[in-house]
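Coordinates in review
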Amino acid sequence: MTTIHRLLPALLAASIASPALAGPDGGISTPMLSRCAGKAGLETRQSDAAFGLLSLDGAPWLSIERTDEAVGIQPIMTTITGTGSRHRRNGTSVPFRFTCVLDANGQALMFHASLLMPKLGDTLPPATVISGAATLAEKTALPRGVELQLQLFDIARSPDGELLAEQVVRSGWQVPIPFALRLPAAFSAEGRKLILMARLVAAHQVQYRLPAPRVLTDREILAPVVLTLEKPESKGP
């Protein structure tokens, strides 16, 4: 039996009911997206020495299909399809659609990206984009395989927030790290209170983060946003 899960409120309930905004760390609604990004980054670095940065879009652009029962010798697996972009060190970038397959333990087995062909009319869906870059409060080299995780919430109706968009960005060489959160083209900020959360993760540990959720002004929705991430405070014994 196969069940198709899309990023509707039911899929996000577990992450938002925590509640999502209880702390400043942020995160990502499903760890599967990070595992796919890790698989994609590893394979891209091996095939392209000029690789600089790779980003995968989370909500609302993901589709998740899970095989709930093993069929014959076929194990239980999850297939994620979505969109993303690949950036090279010379400044060029290309969007793509991707398929990622994970095993029953949530480990990424396969990642395949298909580059879009705008000249043939193959483009990403129209979107409203909130873009910017994340930098660090201190000058230091990024750990290998570091991942920037971003989430955009609307907290106008609830302090727990409604997740509007998210993205993971894999980068091992450049600061600031650019990002672009894509929202449906019909999105309107009227009556909303938007906050942005971001953190840098390496080896499943938060290395840097926003000290507090960033409230976005109307101007910042239209202009690039600059985020300054700081080391989390050390916890006492």
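Rules of the game
Residues numbered from 1 in each chain as written. Predicted model: local features only at pLDDT ≥ 70, side-chain atom pairs only at ≥ 80, totals over all residues. Heavy atoms only, no water. Helix = DSSP H or I, 4+ residues; strand = E, 2+ residues; numbered from the N terminus. Buried < 20%, exposed > 50% of the residue type's maximum accessible area, 1.4 Å probe, protein only. Contact = heavy atoms within 4.5 Å. Areas by Shrake-Rupley, 256 points an atom, 1.4 Å probe, with all protein chains shown as cover. Pairing = 2+ DSSP bridges. Axes fitted to C-alpha atoms, helices over the stretch in contact; angles between N-to-C directions. Lys, Arg positive; Asp, Glu negative; His and termini not counted. Salt bridge = Lys/Arg side-chain N within 4 Å of Asp/Glu carboxyl O. Polar contact = N/O pair within 3.5 Å; in protein donor to acceptor, adjacent residues only side chain to side chain. pLDDT = per-residue confidence, 0-100. Phe/Tyr/Trp six-rings, centres within 6.5 Å; stacked < 30°, edge-to-face > 60°.

Quick look at the overall build of the chain now. The helix and strand tally for the chain stands at three helices and 14 strands. The buried share of the chain, reckoned over its 237 residues, is 41%. Considering only contacts within the chain whose residues lie at least 6 apart along the sequence, 64% involve residues at least 24 apart. For the chain, the exposed surface amounts to about 12,600 Å²; the carbon and sulfur share of it is 55%.

Moving on, we come to the sheet that holds strand 10 (residues 177-184). Pairing is mixed across the open sheet formed by three strands, whose spatial order is 10-7-14. Looking at the sheet topology across the chains shown, the edges are occupied by strand 10 and strand 14 (225-229). Pairwise comparison of adjacent strand axes, ignoring direction, gives a mean angle of 30° for this sheet. Here eight bridges tie strand 7 (residues 127-136) to strand 10, and the two strands are oriented antiparallel to one another. By the bridge assignment for strand 10, S131 is matched with A180.

As paired elements, strand 4 (residues 78-88) and strand 5 (residues 93-102) share 10 bridges and run antiparallel to each other. Across the sheet, R86 pairs through a bridge with V94, a residue of strand 5. Counting the residues between successive antiparallel strands, the hairpin from strand 5 to strand 6 (residues 108-115) contains five residues, one of them, G106, with a positive phi of roughly 85°.

A few words on the side chain of E166. Along the chain, E166 turns up in strand 9 (residues 162-171). For the buried E166, no salt bridge exists, and the shortest N-O distance to an oppositely charged side chain is 9.7 Å, to R199. Side-chain polar atoms of E166 contact the side chain of S29, separated by 2.6 Å.

What follows is about the pairing of strand 6. Relative to strand 6, strand 5 runs antiparallel, the two being bridged by seven bridges. Bridging across to strand 6, C100 finds its partner in F111.

Let us now look at the side chain of E220. For E220, the location among the structural elements is in helix 3 (residues 218-222). We classify E220 as buried; its relative accessible area is 16%. Here the side chain of E220 touches R214 through a polar contact of 2.3 Å, side chain to side chain. Not counting residues within four places of it along the chain, the set of residues in contact with E220 comprises R214, V215 and V225.

Looking now at the confidence of the model for the chain. Considering every residue of the chain, the mean pLDDT works out to 81; 80% of them sit at 70 or more. Confidence drops under a pLDDT of 50 for residues 1-20, and excluding neighbours within four residues, the segment shows 34 contacts in the predicted structure.

We now examine unusual backbone geometry. Excluding glycine, a negative phi dihedral is what most residues carry, and trans is how most peptide bonds are arranged. A cis amide bond links A59 to the next residue, P60, at an omega of 5°. Within the secondary structure, P60 sits in the loop between strand 2 (51-57) and strand 3 (63-67). Unusually for a residue other than glycine, A203 sits at a positive phi of about 50°. Assignment of secondary structure puts A203 in the loop between strand 11 (194-202) and strand 12 (205-209). Taking the relative accessible area as the measure of exposure, A203 reaches 68% and is therefore exposed.

According to the stated counting rule, one finds two aromatic pairs in the structure shown. Each ring, one from F96 and one from F111, has its centre 6.4 Å from the other, and the planes form 90°; the classification is edge-to-face. One end of the pair, F96, is in strand 5; the other, F111, is in strand 6, and 15 residues separate them in sequence. This pair shows no difference in class: F96 is buried, exactly as F111 is. A ring pair is formed by F98 and F111, whose centres lie 5.3 Å apart and whose planes are at 20°; its orientation type is stacked. Placement of the pair is F98 in strand 5 and F111 in strand 6, with a sequence separation of 13 residues. Of the two residues, F98 and F111, neither departs from the other in class, the shared state being buried. Ring pairs connect the aromatic residues F96, F98 and F111, which therefore count as one cluster.

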